[in-house]
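Commentary on secondary and tertiary structure
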Amino acid sequence: MYELLAWVEHGALGEALRGSGVWTYGLLNLAHILGIGSLFGAVLILDLRLLGAWRSIPIPTIAKPTVPLAAAGFMVAISSGILMISFNATEYLGNPFLYVKLPAIVFGIANVAVVQRLPAWRHALVGMELEPGERRVLALAGGISLLTWLTVITCGRMIGYW
Ligand code: HEM
């Protein structure tokens, strides 16, 4: 693990970032927060809808703005996160919050891939009337997604306090 972190820190990217001025890390952190805010704000609304909130609003109406916003926020969060860790990657060696956070991100993406293949999600997206079983499947998917991204955010926030 140390070799990987040292390679990230001492690679061309890490060297270039460290030499690019005192504001770079702060601006990347700002981008990270904006990405996280967009991702989690969108996920929170969509997942609460899947869990049964705001039943009068059709799922396609909620999914239309939230899915692309979550995807864009994720791209901003992941790219700024990789750039941030390149500054001082070796300092995170042994940090349990990072070791939970990164697999949780992979799990979150895997969950999205699974949900997109669910017949219940496909039916919901085209506005079909859902069977009770399909509603339960989507509620479970929403709950798993919410817990996963809460885990990622909690671990991200705690990394610096280890
Ligand atoms: C969508 C995915 C991600 C989420 C939701 C997320 C969440 C967070 C949160 C909430 C913080 C605390 C920010 C603050 O309080 O200033 C944080 C910090 C951080 N994240 Fe992420 N993050 C994500 C992806 C990544 C990735 C992929 C990496 C690197 C591989 C990364 C590296 C970092 C680093 C280095 C910090 C600063 C830790 C410190 O305080 O020293 N993040 N993240």
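All values derive from a computational prediction rather than experimental measurement.

So, about the overall build of the chain. In terms of regular secondary structure, the chain is built from seven helices and zero strands. Its helices and strands taken in sequence order, the chain reads α-α-α-α-α-α-α from the N to the C terminus. Here the C-alpha coordinates of the chain stretch approximately 55 × 25 × 25 Å along the principal axes. Counting every position in the chain, which comprises 162 residues, the buried fraction comes to 37%.

All right, on to unusual backbone geometry then. A positive phi angle, near 45°, is found at Trp-54, a position not held by glycine. Structurally, Trp-54 is set in the loop between α3 (24–50) and α4 (59–87).

Here we come to the packing of aromatic side chains. Under the defined criterion, the tally for this structure stands at three aromatic pairs. Between Tyr-25 and Phe-87 the ring centres are 5.2 Å apart and the planes differ by 90°, which places this aromatic pair in the edge-to-face class. Here Tyr-25, found in helix α3, pairs with Phe-87, found in helix α4; they are 62 residues apart in sequence, far enough to count as distant. For Tyr-25, a relative accessible area of 28% gives the class partly exposed. Each ring, one from Phe-97 and one from Trp-162, has its centre 6.2 Å from the other, and the planes form 75°; the classification is edge-to-face. Highlighted residues: Phe-97 in helix α5 (residues 96–117) and Trp-162 in the segment after α7 (132–159), separated in sequence by 65 residues.

A separate point is the side chain of His-32. Position of His-32 relative to the elements: it lies in helix α3. Once residues within four sequence positions are removed from consideration, His-32 is found in contact with Ala-77, Ser-80, Gly-81, Met-84 and Lys-101.

Together, Met-1, Tyr-2, Leu-4, Trp-7, Leu-93 and Tyr-99 give the surface a local cluster of nonpolar side chains, amounting to about 670 Å² of exposed area. Considering the arrangement of structural elements, one finds Leu-4 in helix α1 (residues 2–10). We classify Leu-4 as partly exposed; its relative accessible area is 47%.

All right, on to the site of the ligand then. Inspection of the region around the ligand gives 24 residues, with His-32, Ile-36, Tyr-92, Lys-101 and Arg-157 positioned closest. Here Lys-101 contributes a side-chain N or O atom positioned 2.6 Å from a nitrogen atom of the ligand. In the environment of the ligand, an oxygen atom lies 3.1 Å from a nitrogen or oxygen atom belonging to the side chain of Arg-157. Assessed atom by atom at 2 Å from the grid points, the ligand resides in the largest pocket. Among the elements of the structure, α3, α4, α5 and α7 are those that each provide at least two residues to the shell around the ligand. Among the elements that line the shell around the ligand, the one with the most residues is α4, at seven residues. Per-class residue counts for the shell around the ligand are 17 nonpolar, five polar and two charged.

Take α3 next. Compared with an ideal rise of 1.5 Å per residue, which puts 27 residues at 39 Å, α3 spans 39 Å between its outermost C-alpha atoms and is within 8% of the ideal. When we look at burial in α3, the residues that qualify are Thr-24, Leu-28, His-32, Gly-35, Leu-39, Phe-40, Ala-42, Val-43, Leu-46, Asp-47, Arg-49 and Leu-50. Elements in contact with the buried residues of α3: α2 (12–18), α4, α5, α6 (119–125) and α7. One or two residues past the end of α3 sits Gly-52, with phi positive at roughly 115°.

Along the chain, Pro-58 falls in the loop between α3 and α4. Owing to a relative accessible area of 44%, Pro-58 belongs among the partly exposed residues under this scheme. Linking Pro-58 and Leu-125, residues 67 residues apart in sequence, is a C-alpha distance of 9.0 Å.

Reading the values: the criteria
Residues numbered from 1 in each chain as written. Predicted model: local features only at pLDDT ≥ 70, side-chain atom pairs only at ≥ 80, totals over all residues. Heavy atoms only, no water. Helix = DSSP H or I, 4+ residues; strand = E, 2+ residues; numbered from the N terminus. Buried < 20%, exposed > 50% of the residue type's maximum accessible area, 1.4 Å probe, protein only. Phe/Tyr/Trp six-rings, centres within 6.5 Å; stacked < 30°, edge-to-face > 60°. Contact = heavy atoms within 4.5 Å. Patch = residues over 30% accessible without salt bridge, like charges linked within 9 Å, V, L, I, M, F, W, Y side chains within 5 Å. Areas by Shrake-Rupley, 256 points an atom, 1.4 Å probe, with all protein chains shown as cover. Salt bridge = Lys/Arg side-chain N within 4 Å of Asp/Glu carboxyl O. Near = heavy atom within 4 Å. Polar contact = N/O pair within 3.5 Å; in protein donor to acceptor, adjacent residues only side chain to side chain. 1 Å grid on protein atoms, 1.4 Å probe; cavity = no way out; pocket = protein on both sides within 12 Å on 5 of 7 lines; lining within 4 Å. Sits in = over half its atoms within 2 Å of the grid points. Nonpolar A, V, L, I, M, F, W, Y, C, P; charged D, E, K, R; others polar. Expected span 1.5 Å × (residues − 1).

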